[in-house]
Amino acid sequence: MPADQSIQWPDRSIGLYDQLTGRRAEITVAGATGYVGGRLVPTLLEAGYSVRCLAREPRKLDERPWRSSPNVSIAKDDLSDVDRLAAHLRGCAASYYLIHSMEATGGQYAERDRQLALNFARAAERAHIKRIIYLGGLGEMGMGLSEHLSSRREVEEILASTGVPVTTLRAAMIIGAGSASFEILRYLVERLPVMVTPSWVRTESQPIAIADVLHWLVRCLDCPATSGKALEIGGPDVLPYSDLMQIMAEELNLRRRLIISVPVLTPRLSSHWISLVTPVSYRIARPLAEGLRNRVVVTNNETQRLMPHEALGVRQAIRLALRNVEFNEVETRWSAAGPIPGDPRWAGGTVFKDQREVLIQAAPQAVFKAVCRIGGGNGWYAADVLWRIRGWMDTLVGGPGLRRGRRDSEQVEFGEALDFWRVVGIERDRSLSLRAEMKLPGEAMLNFQIEPVEDARKTKLTMTALYRPRGLLGILYWYAVQPLHNVVFGGMLKGILKMAEGIQNSEKPSGPSPRPDDAGAQADGPAPAAVRGLDGQQHCYPSHTGPGPEHRTEGEPAD
């Protein structure tokens, strides 16, 4: 074959094996760091495809268990440059487009989604991509269609505007551990035995398990008849949201919820209430709440005719998702989506520091594990009441508070949320760096630096809080909270010391029994020999759990 001639894939099936290499086509996934994209990549690998991931921040993928596969490549691309994007798409048979704004409020998100979709369509045409596959939203067209769902339909049209065939899969609520819609449903039911709701609780919907979304996303590659079609996907159950809430209550072993529907609650008020009660912010809850007023059900049988598949029922999907939450098998989570802010500009102006260090009789690996357990259900090792009060205050002023928790009880990845912190730096067994996302009159970082001591039997842990105030209010804030630092930060160091030494002893073949996971993490034990104030900084990261049962069966559209 001449060097300048590329392999021509048969039009009848993108998924056929290349006769020269014995491998399936290479597929692009734009949005590989998102909730659905992060689960789609390993599903494609299992099906035998090579995958090229496009990510605005590739470091988010460093700890995925599939990252080291020889069939995975990653390109850094924010879709802003058509020529660069075309170069990244070139050589791939098909491309998944799994990108849309999470925080769909205000007028700018729709314009941004339009521009990104147009860039992708133009790049796909230049790269001679055979097909684009897009995950959109169900909803009957008409005057009542929400702005968010209308934007999804507009993206469909733009992706097809350059002539590249588009396969669109339209789905309603996706049920899967870690999705925004599932988190909203679970927290509302768990926390509210009595709910005063808008009239949309009587609106019918057809939820779908994330496993089934993934199945159809991959299956359509081998089904040429799906090219150029908009297909509706859903589970077997059509039911109002009020019934969905009652099923969730039963699966959580809770009493039946009292649901009172009133006509005066608007989507805007509902989204504020959702933001207060659940981990999902107002900006994310708003488009989801607005979409709930639309009837979202499958209106034809085209998908089952072309790609027959027995999808999970609502109860099965909820049960599976709850099981994965219970056993820490949440592959991806809504809170990790979105851009990572750049480093604060610490140079210039006043920067306050609170630096403390402690010597721990444990290896760096054990100290790293203990540090990475902070936040979420594990707590913060000390003064948990103060952390909760700070979380409540943050929630009241529109911040994330402590509601977001964490994806896994022990392991963290770059870019994921730990309560109202974001992991912005991570180096295994050496450092962890968190940036504050709570509402503050300034910028704040919390850094942990782990260094082995010369005798190799101890490790020095340095914890540094950095804060750059904005204006007089920012300075007053620092001095107001400074007296609590000895309790909060000093107690945290003591708790990490106890936990790390407990981990170290539990890993010795002849050592004492392991301490209970969280009980030993509180700061009520004896003080460490050396805890002193100074300053430090930075990063860390752990290994990742393998895919859970949800991933084995299949998927959810971008929440």
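Our structure's up above, just so we're on the same page.
Residues numbered from 1 in each chain as written. Predicted model: local features only at pLDDT ≥ 70, side-chain atom pairs only at ≥ 80, totals over all residues. Heavy atoms only, no water.

1. Structural notes on the overall build of the protein
A tally of helices and strands in the protein yields 16 helices and 20 strands. Long-range contacts, defined here as pairs at least 24 residues apart, represent 76% of the contacts in the protein between residues at least 6 apart. Total accessible area on the protein is roughly 23,700 Å²; 52% of this is exposed by carbon and sulfur atoms. (Helix = DSSP H or I, 4+ residues; strand = E, 2+ residues; numbered from the N terminus. Contact = heavy atoms within 4.5 Å. Areas by Shrake-Rupley, 256 points an atom, 1.4 Å probe, with all protein chains shown as cover.)

2. Comments concerning the pattern of salt bridges
Opposite charge on two side chains allows them to pair when their charged atoms are near. Applying the stated criterion to the full structure yields 26 salt bridges. Of the charged contacts in the structure, one is a salt bridge between Arg 114 and Glu 154, with a shortest N-O distance of 2.9 Å. Taken as a pair, Arg 114 in helix H3 (residues 108-126) and Glu 154 in helix H4 (residues 147-159) lie far apart in primary sequence, 40 residues in all. Overlapping salt bridges, with partners in common, bring together Glu 250, Glu 251, Arg 315 and Arg 319 in one network. (Salt bridge = Lys/Arg side-chain N within 4 Å of Asp/Glu carboxyl O.)

3. Some thoughts on helix H1 (residues 37-46)
Taken across its ten residues, H1 has nine buried, putting it largely inside the fold. Taken together, the buried positions of H1 are Gly 37, Gly 38, Arg 39, Leu 40, Val 41, Pro 42, Thr 43, Leu 44 and Leu 45. At the C-terminal side of H1, Gly 48 shows a positive phi close to 100°. (Buried < 20%, exposed > 50% of the residue type's maximum accessible area, 1.4 Å probe, protein only.)

4. Remarks on the sheet that holds strand E5 (residues 131-137)
Pairing within the open sheet is parallel, and its seven strands lie in the order E3-E2-E1-E4-E5-E6-E11. Because the sheet does not close on itself, it has two edges, and the strands there are strand E3 (72-76) and strand E11 (230-232). Within the sheet, the average angular offset between the axes of one strand and its neighbour, ignoring direction, is 20°. Bridge analysis of strand E1 (residues 26-30) against strand E4 (residues 94-97) gives four bridges, and the strand direction is parallel. Residue pairing for E4: Val 29 is matched across the bridge by Tyr 96. Packed onto the sheet, H1 meets E1, strand E2 (50-55), E3 and E4 and runs at close to 170° relative to E1. Packing against the sheet, helix H2 (residues 82-89) makes contact with E1, E2, E3 and E4, and its axis sits at approximately 160° to E2. (Pairing = 2+ DSSP bridges. Axes fitted to C-alpha atoms, helices over the stretch in contact; angles between N-to-C directions.)

5. Brief notes about the pairing of strand E18 (residues 442-452)
Successive residues of a regular strand alternate their side chains across the two faces of the sheet. Within E18, eight of the eleven residues are buried, which leaves the element mostly enclosed by the surrounding structure. Pairing analysis gives five bridges linking strand E17 (residues 431-436) to E18, with the strands arranged antiparallel. Considered in E18, the bridge of Leu 432 is made with Phe 448. Taking the residues that link successive antiparallel strands as the turn, the E17-E18 hairpin has five residues. Taken together, the eleven bridges between E18 and strand E19 (residues 459-469) define a ladder with antiparallel strand orientation. What sits directly across from Glu 443, in E19, is Arg 468.

6. Considerations on the packing of helix H5 (residues 180-191) against helix H11 (residues 314-326)
For the pair H5 and H11, the least separation of the axes is 12 Å and the interaxial angle reads 85°. Put simply, H5 runs roughly perpendicular to H11. Touching Phe 182, Leu 185 and Arg 186 of H5 are Ile 318, Ala 321, Leu 322 and Val 325, all from H11. (Parallel < 35°, antiparallel > 145°, perpendicular 65-115°, else oblique.)

7. Digging into the environment of Gly 178
Its location among the elements puts Gly 178 in the loop between strand E7 (174-175) and H5. Given the relative accessible area of 1%, Gly 178 is considered buried.

8. Overview of the packing of aromatic side chains
By the definition in use, this model includes nine aromatic pairs. Look at Phe 352 and Trp 478: their rings are 5.2 Å apart centre to centre, the planes differ by 10°, and that puts the pair in the stacked class. Here Trp 478 lies in helix H14 (residues 471-481) and Phe 352 lies in strand E14 (residues 352-360), a separation of 126 residues in the sequence. In this pair, the class of Phe 352 matches that of Trp 478, namely buried. (Phe/Tyr/Trp six-rings, centres within 6.5 Å; stacked < 30°, edge-to-face > 60°.)

9. As for the packing of H1 against helix H6 (residues 210-219)
Two elements in contact, H1 and H6, have axes whose closest approach is 10 Å; the angle formed by their N-to-C orientations is 55°. Between H1 and H6, the angle falls in the class oblique. Viewed along their axes, H1 and H6 form a crossing whose handedness is right-handed. Residues Arg 39, Leu 40, Thr 43 and Leu 44 of H1 form the contact with H6, whose own contacting residues are Ile 210, Leu 214, Leu 217 and Val 218. Classifying every residue of the contact of H1 with H6 by side-chain character gives six nonpolar, one polar and one charged. (Left-handed = near helix turned anticlockwise from the far one by under 90°. Nonpolar A, V, L, I, M, F, W, Y, C, P; charged D, E, K, R; others polar.)

10. As for the nonpolar core
Ranked by size, the top nonpolar core spans 44 residues in total, and within it Trp 421, Leu 434, Phe 448 and Leu 461 carry the most contacts. Those elements that place two or more of their residues in this core are E14, helix H12 (364-371), strand E16 (421-427), E17, E18, E19 and helix H15 (485-506). Counting residues per element, this core draws most heavily on H15, at nine residues. If we ignore the near neighbours within four places in the chain, the residues touching Trp 421 are Trp 380, Trp 387, Arg 404, Glu 416, Leu 434, Arg 435, Ala 436, Met 438, Ala 444, Met 445 and Leu 446. Grouped together as the second largest cluster of nonpolar side chains are 41 residues, Ile 27, Tyr 35, Leu 135 and Ile 210 included. (Core = buried A, V, L, I, M, F, W, Y, C linked by side-chain atoms within 4.5 Å.)

11. Topic: the environment of Ile 475
As for its position among the elements, Ile 475 is in helix H14. Looking at Ile 475, the relative accessible area reads 29%, which means it is partly exposed. Remark: the alpha-carbon pair of Ile 475 and Val 351, spanning 124 residues in sequence, is separated by 9.8 Å. Here Ile 475 is in contact with Phe 352 and Pro 469, once residues within four sequence places are set aside.

12. Things to note about the environment of Leu 169
Relative to the elements of secondary structure, Leu 169 occurs in strand E6 (residues 166-171). Residues Leu 169 and Ile 133 lie 36 residues apart in sequence; the distance between their C-alpha atoms is 7.7 Å. When near neighbours in sequence (up to four residues on either side) are disregarded, Leu 169 contacts Tyr 134, Leu 135, Gly 136, Trp 216, Leu 217, Leu 231 and Ile 233.

13. Section: the pairing of E17
Judged by how many residues are buried, E17 sits mostly within the fold: six of six residues are covered. Here E17 shows no split at all, with Ser 431, Ser 433 and Arg 435 on one side and Leu 432, Leu 434 and Ala 436 on the other all buried. Where E16 and E17 come together, six bridges link them in antiparallel fashion. The residue bridging Gly 425 from the neighbouring strand is Ser 433, located in E17. Counted along the chain from E16 to the antiparallel partner E17, the turn is three residues long, and its residue Asp 429 has a positive phi close to 65°.

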